[in-house]
Structure formats: structure tokens, C-alpha cells
There are 2 protein chains.
Amino acid sequence: MANYKLTIEYDGTNFKGWQVQGKGERTVQGEIVQAYQKVFREKIKLIGSGRTDTGVHALGQVANFHTEIDRPPEDIRNALNATLADDVVILRVNRVADSFHAQYAAKRKTYRYIILNRELPSPTRRWGMAQISSALDVEAMKSAAKAFVGTRDFKSFTSNNRSNQGKSTTRTVYDLRVVRRGAQIHIDITADGFLYKMVRNIVGLLIEVGQGRCSKSHILKVLRDKDRRAAGVAAKAHGLYLLKVKY
Amino acid sequence: MANYKLTIEYDGTNFKGWQVQGKGERTVQGEIVQAYQKVFREKIKLIGSGRTDTGVHALGQVANFHTEIDRPPEDIRNALNATLADDVVILRVNRVADSFHAQYAAKRKTYRYIILNRELPSPTRRWGMAQISSALDVEAMKSAAKAFVGTRDFKSFTSNNRSNQGKSTTRTVYDLRVVRRGAQIHIDITADGFLYKMVRNIVGLLIEVGQGRCSKSHILKVLRDKDRRAAGVAAKAHGLYLLKVKY
């Protein structure tokens, strides 16, 4: 038996997210499983490091699958890439220990949110950045970002979907950086794991801080309240990238 | 009478270039003229700084038009942007002297070509960069680029289309820079004007230099030969951006 680890880049624009949903919904997981079946006549169970929502991109999503048939990793990569549509690319295939599990073995994940902070939208960058017209105060955002770093109960920053019920909402954020690069603002966040919509809810509040509509002390209050309704509006999906997963 | 100058950004992916062609072809010029007519009930003659080909993008294309009706530039900008599809944005509208002509008054134009130099294509950047798998020798490209700077007859670097016949093929290239930025290579070229397909033909040859398939002395020979067949294959349109036009 062999266990293969895939590192995957995708443009989330035309996907209903990572995870296979109902029939007819195009998902990244579904496309890869189908491509593998088409090429190798074998139905694999593909385990992702976690879900990404509709419209969210990935530069380094990780997944694994077991198979009875031992194949050179390079052959798997090339065959999948030749079959997949051009909005998904398998960057690497590695043979890993049988015990490796892309979800449970993940130690840290890093997401990047890209804001295009200028008055008008950009046609050439409209799929990969969220445009905000009002000039954001990046220094205020940097300062407020510190409130999220550490081990916190992020209950206020998730949506009450069924998969969360009864589970711990405590996560450790190792790093949260806000950097201006010309007209772009990059928000990079690394944690041991993320709750459903956690990144976009945090970014949504940081944008409000940048607009002067929310203070750092309000963020601390929202964290204390542990109530989703206390947080603001989630930032849009198309500015978000799963950058990497560390094992 | 008023003369208005527009600065325009567009994603060339779904356009048959700038210039109005036959009926039914979607062009940037055509879309702007239609949008203006829809909003202001007036058919303008829109003069671009020059054409861009199918698939070529622009961050700063410039155009102008005359009209009998004096309107605040801001109103024109906002009305056009509210009407245009999201792959064209009017960045600025300025009232200019009646004599201003976007094509004839252009002194310099700068184009950027973006190469993604990595083994595999990138799904998230597939519309805006041309991916080249083989590792390019950027130092060799930088050195070869110098051969193009100055006043030269670029006849070898254009295609023999009808609009060129009998016209001078001499142009002055002021600057040609090749810069590596991580996995990307940016080629910025500034000249007093460009012949049809000139940028893409120059970039095509520079890519061959980077691949070790062409030398600087070969470039000098191609320039001397003044024969289109001597140059290589034009680089693909989707990596090319009209950055700015200077007046």
C-alpha cells in the first residue's frame, strides 16, 4: 500500500469550495478524485487539510490518499495535471508514511488575504483581490492585529454551523501580519487551525479598524463576548488564499 | 466644445483588442463608445493612443474624445464605470486642450511583459502571466536587452500587415529592463512608439536568449537583416500590459 501527499494550487472562482457537496456542484476535491479515476481507473478517498469555501483560492492546499497500486509520484502528478482543468494544478506529489493524514497531522496553516486599497476596482486583478475604496489606516490595523495573537476562544469569529457544535472553539494564532505593498494590503495569518469563516471574520473586523469604524478595545470585547453576532461582516471570499500547511 | 482624456485599465482576456473591428466583435473602444451613447445619448469618436491586440491588457491606456456638451469629468467617469462591464474601468477623466490627440501627441509608451518562470502553470495567475517551464537565464536576457536600446530599424520585429506598408519602421527604444521578482520575470520596455507585434516579437527573442537558444550576436544580426522571418516566435498576448502613455 502507498500513501501519497498532494500539494495543490487552485483558483477558487469557479468552484463551490474544496469539499465534495451535492451532485453537480463543482469542487476541487471532486475534480481531483474524478481525474484520478479517469486516468487510473481507481476511486480514491482524498483527504484535504481542511475545507476552503466557495471562491477561496489556494497556493498550497495539501491532501493525501491511499492506494494499493504503487506508482512513481511524478507519473501521478503529470497524469492528473494533463486531465484537470486549468484552474487546478497539482504542484507536487510525494510518497509519505502510511500514517500521514492531511487533516489530523496539520500543525499550522497560513492564509493570506489580499486587499486592493484604491478608489476604483481593478479589472486585471478583480478575481484575486478584494477592493476597498476608502483609504485604510494600516498602522491601526497592525496594532489591532495583535489582539488576535495567542491562544484565544474564537467563538465570536465563527459561524454557528452544525460541524462546530459541541467542539472547542479555542485556537492558537501564532502570527498575524498586516503589510502594505503599494496599493495592496496583505494580511497573513498563521494558526494551529481555523474555525469556519474565522479568517474572513477577523479580516472583516480589521478592515473596520482600518476605516476607523472599530477600535482595538472593541475587538477585545468581541473576543470576550464569545458571540458571533458581536463581530462584523465577513470579508469577501475572493481575496482569500490558503498559502501553506505545515506538518 | 470640450475635449476629454480618459485613462483606462482593462483585462484583455475577453476582448478582441482595443480597436473596433467587424460587427459582433467585443472591443474595448467599442464598449466605451457604446457605454457613452447609452448614458449620454451621444455618439463619440474615441481616439486611442494606439491599438492593443486580442488578449493584451492595459493598466494605463489613454484615449480622448470631443463633445459639444460640457460635463464634469467626475460625472463622465462615474457614469461610464456604472455602465461598463467589470473588465474595463475608467481610472481618470481629465478635460484637456482641444488640440490634444491621444495618438499623435503620445511621446512615449511603456509596456510590461510578465513571465511566470516555473515548471508548472499557475491557476491563480493564468490570465495575467505567460508561464515558461524552462529556467531562464535572466543575466543573459539583461545583457541581450541592451541590443534593442537606441534608434533602430525594427522591421525584423513587426508583422507585415497592411497598415505598416510604406511607413517608417524606425523607432527609438529608451529603456528595456529585465527584472526577476521571485518566480516572475518582468520585462519593461519604453519607446517613442511600437510597430505591430514589436513588443511580443522582442520578448519572444529574449525568451530564446534566456533559454540559451539565441545569442546577443544573433539579435544584432536579426536587427541588421530587416526581415521578419529572421526573428523568432512572438510571445503570447496574455502576458502583455500597456502600462502607461506619456505626453
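The structure this text deals with has already been given above.
A brief structural summary. Keep in mind that this is a model prediction, so the values were computed, not measured.

### Considerations on helix 5 (residues 216–225) of chain B
Residue and element names in this part refer to chain B. Every buried residue of helix 5 is accounted for by Ile219, Val222 and Leu223. One side of helix 5 holds all its buried residues, which, seen down the axis, span an arc of 100°. Packed against the buried residues of helix 5 are helix 3 (138–145), strand 7 (150–153) and helix 4 (198–210).

### A look at a positive patch on the surface
Residues Lys107, Arg108, Lys244 and Lys246 of chain A make up a contiguous surface patch of positive charge. Along the polypeptide, lysine 244 of chain A turns up in strand 10 (residues 240–246).

### Things to note about the interface of chain A and chain B
In this complex, chain A contributes 25 residues to the contact, which on the side of chain B involves 25 residues. Its largest share of buried area at the contact with chain B, chain A owes to Pro123, Thr124 and Arg126 of chain A, together 31% of the area lost on that side. Scanning the region where chain A abuts chain B turns up eight salt bridges. Between arginine 118 of chain A and glutamate 9 of chain B there is a salt bridge whose closest N-O contact spans 2.7 Å. Summed over the shared surface of chain A and chain B, the number is twelve residue pairs in polar contact (both at pLDDT 80 or more). Among the elements that line the side of chain A that touches chain B, the one with the most residues is strand 4 (residues 88–96) of chain A, at four residues. Here the residues of the side of chain A that touches chain B are counted per class, giving twelve nonpolar, four polar and nine charged.

Calculation rules
- Residues numbered from 1 in each chain as written.
- Chains lettered and ligands numbered in written order.
- Predicted model: local features only at pLDDT ≥ 70, side-chain atom pairs only at ≥ 80, totals over all residues.
- Heavy atoms only, no water.
- Buried < 20%, exposed > 50% of the residue type's maximum accessible area, 1.4 Å probe, protein only.
- Helix = DSSP H or I, 4+ residues; strand = E, 2+ residues; numbered from the N terminus.
- Arc of directions from axis to C-beta.
- Contact = heavy atoms within 4.5 Å.
- Patch = residues over 30% accessible without salt bridge, like charges linked within 9 Å, V, L, I, M, F, W, Y side chains within 5 Å.
- Areas by Shrake-Rupley, 256 points an atom, 1.4 Å probe, with all protein chains shown as cover.
- Salt bridge = Lys/Arg side-chain N within 4 Å of Asp/Glu carboxyl O.
- Lys, Arg positive; Asp, Glu negative; His and termini not counted.
- Charge placed at Lys NZ, Arg CZ, Asp CG, Glu CD.
- Buried area = accessible area lost by both parts, 1.4 Å probe.
- Polar contact = N/O pair within 3.5 Å; in protein donor to acceptor, adjacent residues only side chain to side chain.
- Nonpolar A, V, L, I, M, F, W, Y, C, P; charged D, E, K, R; others polar.

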